[in-house]
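Observations on chain architecture
If you want the building blocks of each chain, they are given just below.
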Amino acid sequence: MAKKVVVVGGGTGGLVAARMLATESRRLGRDLEVTLVTASERHYMPPLWSEVALGTASVDETWAPIKNAERVYGFKVLVDPVKGLDLDGRRVTTENGKTLEYDFLVLSLGTAYGWSDYPGLDKYGFHNYSPEGALELKDALFTFKGKRIVFLVPELPFRCGIYPLEMALNLRAYFESRGQEPEIAILYPGNAVRMALGEGLERFFLRRFKRHNIRYEPGFEKLVEVTEDRIVTQKGEYPYDLLVKSPPSRLPKLLADAGLAHPADPRFSVVSGPRFQHPDRPEVYLIGEHAMPPVGLLTAGVPIHNAAVIAAASILHDAFGGYMIPSYAPTLCFGHSFESGFMGNCEYWWIPEEGKWGHACYTVATGPTVRMMKDSFYRGWLDALR
Ligand SMILES: Cc1cc2nc3c(=O)[nH]c(=O)nc-3n(C[C@H](O)[C@H](O)[C@H](O)COP(=O)(O)OP(=O)(O)OC[C@H]3O[C@@H](n4cnc5c(N)ncnc54)[C@H](O)[C@@H]3O)c2cc1C
């Protein structure tokens, strides 16, 4: 009988894992029943929400129907939010009353946003961490006449660490063309850029910030509250006219309810490397953003893509009695600063005694072509599903 794989989550990790499982098993002439269950008919490419805020993309350009993966990649898609994970019984139940049994389970559920975990953070400021948020930020930018724009990152690590750096450079260009020169500052609780990307990429960003007059202020330690016109931290107060905020990462409820919180940091899920398995249940793979920090990886789509490939290969290996499992590949990340772009490469190595990957990153290229590569990648990814 064909082994059954259930993939929960129709975002980056879920799509990559299900696609590889279905296409590789078909190519090898082996039976594997792959079902992806997801809460939304929309497969989003979240980085394009920045384009929505800048007015250069519509919300409809940021997603493609996940159901089309049935036709394009040949796995089943069920759009029905998962309500419960029965890990002992190897079953998944959905809100519409379906039960799916599995031999292997892949979980890729992104992250939840803890906006209400700091006073005022849910009430004040704008963001583009959702399509609706991006449209609100677009209006706020269009009508902005003030002096001070502040990017606030309340906690580390947070969703897509490169976002405020990219968006701050974009906003400088956005306002320059309108003849406005607001002060732009980025506030982090710690030295996030050096911690996440290393000294090579930190140097690159510091040079760019100097050239474009962007104030980079790491190390406010702890956010106390956000008010109508200022950010209050343990180190001091920062007034703003426009606040652009990033969300604190929180474990998705489905994972918390299933007892999958990481014991050392419940904002993230349990996971063990280097195959992204549950520490005690090797048939359960955790590859979403919620599983990246515990094994030393960044909270972005690129590492999740790698994790999905390793998990899919590991399942093919166990299901078919041998399939080479790749090691974690170096990751290229693309950023853009409106008319231009930059590309960083991170190399990784597994450290068994720490149960984590170590990494070193460096700048590879800059220039408008990189920006075009980034845009083409996102748009081509979605076009493949249309
Ligand atoms: C503004 C912004 C900019 C970004 N820029 C970059 C970038 O430049 N480079 C980069 O690499 N990454 C970037 N990212 C991060 C990247 O988008 C995420 O890290 C990645 O999408 C996470 O993948 P995931 O599979 O874990 O979750 P997601 O892609 O968030 O998908 C989660 C899926 O789970 C589904 N789901 C939720 N609850 C349930 C449930 N109960 N049952 C079933 N399904 C459920 C959702 O419908 C969704 O399909 C950016 C993100 C944002 C918001």
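Here the structure is shown first, and the text comes after it.
Residues numbered from 1 in each chain as written. Predicted model: local features only at pLDDT ≥ 70, side-chain atom pairs only at ≥ 80, totals over all residues. Heavy atoms only, no water.

Details of unusual backbone geometry
What counts here: Only DSSP runs of H or I covering at least 4 residues are called helices, and only runs of E covering at least 2 are called strands; the numbering of each starts at the N terminus.
At the junction of Leu-156 and Pro-157, the peptide bond is cis and its omega measures out at -15 degrees in the coordinates. With respect to the secondary-structure elements, Pro-157 resides in the loop between β11 (148–152) and α5 (163–176). Backbone torsion omega between Gly-273 and Pro-274 reads 0 degrees, so that peptide bond is classified as cis. By the element assignment, Pro-274 lies in the loop between α7 (253–257) and β19 (284–286).

Brief notes about the site of the ligand
Let me state the cut-off plainly: Summary of the distance rule: residues count as near a molecule or strand when at least one heavy atom falls within 4 Å of that molecule or strand. Definition of a polar contact: a pair of N or O atoms within 3.5 Å, with one able to donate and the other able to accept a hydrogen when the atoms are protein atoms, and with sequence-neighbouring residues admitted only if both atoms are side-chain atoms. Each accessible area is a Shrake-Rupley result for a 1.4 Å probe, and residues are judged covered by the shown protein chains and nothing else.
Lining the immediate environment of the ligand, one finds 31 residues, of which Val-82, Ser-108, Glu-289, Gly-301 and Lys-374 sit closest. Here a nitrogen atom of the ligand sits 3.1 Å away from a polar atom, N or O, in the main chain of Ala-39. The separation between an oxygen atom of the ligand and a polar main-chain atom of Gly-110 is 3.0 Å. Its free accessible area being 1000 Å², the ligand has 87% of it covered by the protein chains.

Section: a nonpolar patch on the surface
Where we set the bar: Grouping into patches uses exposed residues only, defined as over 30% relative accessible area, and leaves out salt-bridged ones; the cut-off is 9 Å for like charges and 5 Å for nonpolar side chains (Val, Leu, Ile, Met, Phe, Trp, Tyr). Definition used for salt bridges: Asp or Glu carboxyl oxygen within 4 Å of a side-chain nitrogen of Lys or Arg. Residue exposure (1.4 Å probe, protein chains only): buried if accessible area is under 20% of the type maximum, exposed if over 50%, otherwise partly exposed.
Among the surface-exposed residues, Leu-332, Tyr-362 and Val-364 lie close enough to one another that they form a single nonpolar patch of about 240 Å² accessible area. Looking at the secondary structure, you find Tyr-362 in strand β22 (residues 356–366). With a relative accessible area of 34%, Tyr-362 lands in the partly exposed category.

As for the nonpolar core
Put simply, the rule reads: Think of a nonpolar core as a cluster: buried Ala, Val, Leu, Ile, Met, Phe, Trp, Tyr and Cys residues, connected wherever their side-chain atoms sit within 4.5 Å. These domain limits were set by an automatic method or by a database of domain assignments. Contacts are assigned to residue pairs with any non-hydrogen atoms lying within 4.5 Å of each other.
Judged by nonpolar contacts, the single largest core of 106 residues is most densely connected at Phe-75, Leu-171, Tyr-188 and Phe-276. Counting residues per element, this core draws most heavily on helix α8 (residues 301–320), which supplies eleven residues. Per-domain counts for this core show at least three residues from each of domain 1 (3–111 + 251–326) and domain 2 (116–248). Not counting residues up to four positions away in its chain, the partners in contact with Tyr-188 are Val-153, Leu-156, Phe-158, Gly-161, Pro-164, Leu-165, Val-193, Tyr-216, Glu-217, Pro-218, Gly-219 and Phe-220.

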